[in-house]
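The chain contents come next:
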Amino acid sequence: MKKNPVIPFALIAVLGILAMIILSVVGLNEQEKIAGGDEEGETTEADPEALIQSCIGCHGGDLEGGSGPSLNDVHERLSVEEIESMIINGSENGNMPGGLVSNEEAAVLAEWLSEGQE
């Protein structure tokens, strides 16, 4: 008696089709959640201490200055709006790049820096 060599391939095909159907249903449910706004989006980090990590590369670990100027006294030189604009757009001479953080995070950083935090 000979065994039918097609049966193992048929079983693999059936299992593959079932897996595709299950994954498709799961994907459609996730798509509906995202479209309905049920999925939690990325929230803005409100902690300036965490946001300042994107600044220490140029302004130094304590914001005392490095390749960029000191930020410890930036509140004496610039207004909150000017600080926020600088964070979002960068400097006119190109030394400060813009867009390192989102606009919401830039507002949090500008407020924190304007309070004279060291």
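Quick caveat, the model's predicted, so the values are computed rather than measured.

Novice: Would you mind going over the pattern of salt bridges with me for this structure?
Specialist: Summed over all chains, the structure comprises 2 salt bridges. Two residues, E30 and K33, come together in a salt bridge whose shortest N-O distance is 3.7 Å. In this pair, E30 and K33 both sit in helix α1 (residues 6–36), 3 residues apart, roughly one turn of the helix. Take E30: its relative accessible area is 33%, and that puts it in the partly exposed class. Notably, a salt bridge pairs R77 with D73, separated by 3.3 Å at the nearest N-O pair. Residue R77 is classed as partly exposed on the basis of its relative accessible area of 45%. Overall, the relative accessible area of 31% leaves D73 in the partly exposed class.

Novice: Can you help me understand the packing of helix α5 (residues 80–89) against helix α6 (residues 103–114) in this one?
Specialist: A pair of packed helices can be characterised by two numbers: the angle between their axes and the separation between those axes. Running from N to C, α5 and α6 point in directions that differ by 135°, and their axes come no closer than 8 Å. What the angle tells us is that α5 and α6 run oblique. Crossing angle aside, the handedness with which α5 passes α6 is right-handed. Contacts from V80, I83, E84, I87 and I88 in α5 reach N103, A106, A107, L109, A110, E111, L113 and S114 in α6. Within the contact of α5 with α6, the residues separate by chemical class into 9 nonpolar, 2 polar and 2 charged.

What counts as what
- Residues numbered from 1 in each chain as written.
- Predicted model: local features only at pLDDT ≥ 70, side-chain atom pairs only at ≥ 80, totals over all residues.
- Heavy atoms only, no water.
- Salt bridge = Lys/Arg side-chain N within 4 Å of Asp/Glu carboxyl O.
- Helix = DSSP H or I, 4+ residues; strand = E, 2+ residues; numbered from the N terminus.
- Buried < 20%, exposed > 50% of the residue type's maximum accessible area, 1.4 Å probe, protein only.
- Axes fitted to C-alpha atoms, helices over the stretch in contact; angles between N-to-C directions.
- Parallel < 35°, antiparallel > 145°, perpendicular 65-115°, else oblique.
- Left-handed = near helix turned anticlockwise from the far one by under 90°.
- Contact = heavy atoms within 4.5 Å.
- Nonpolar A, V, L, I, M, F, W, Y, C, P; charged D, E, K, R; others polar.

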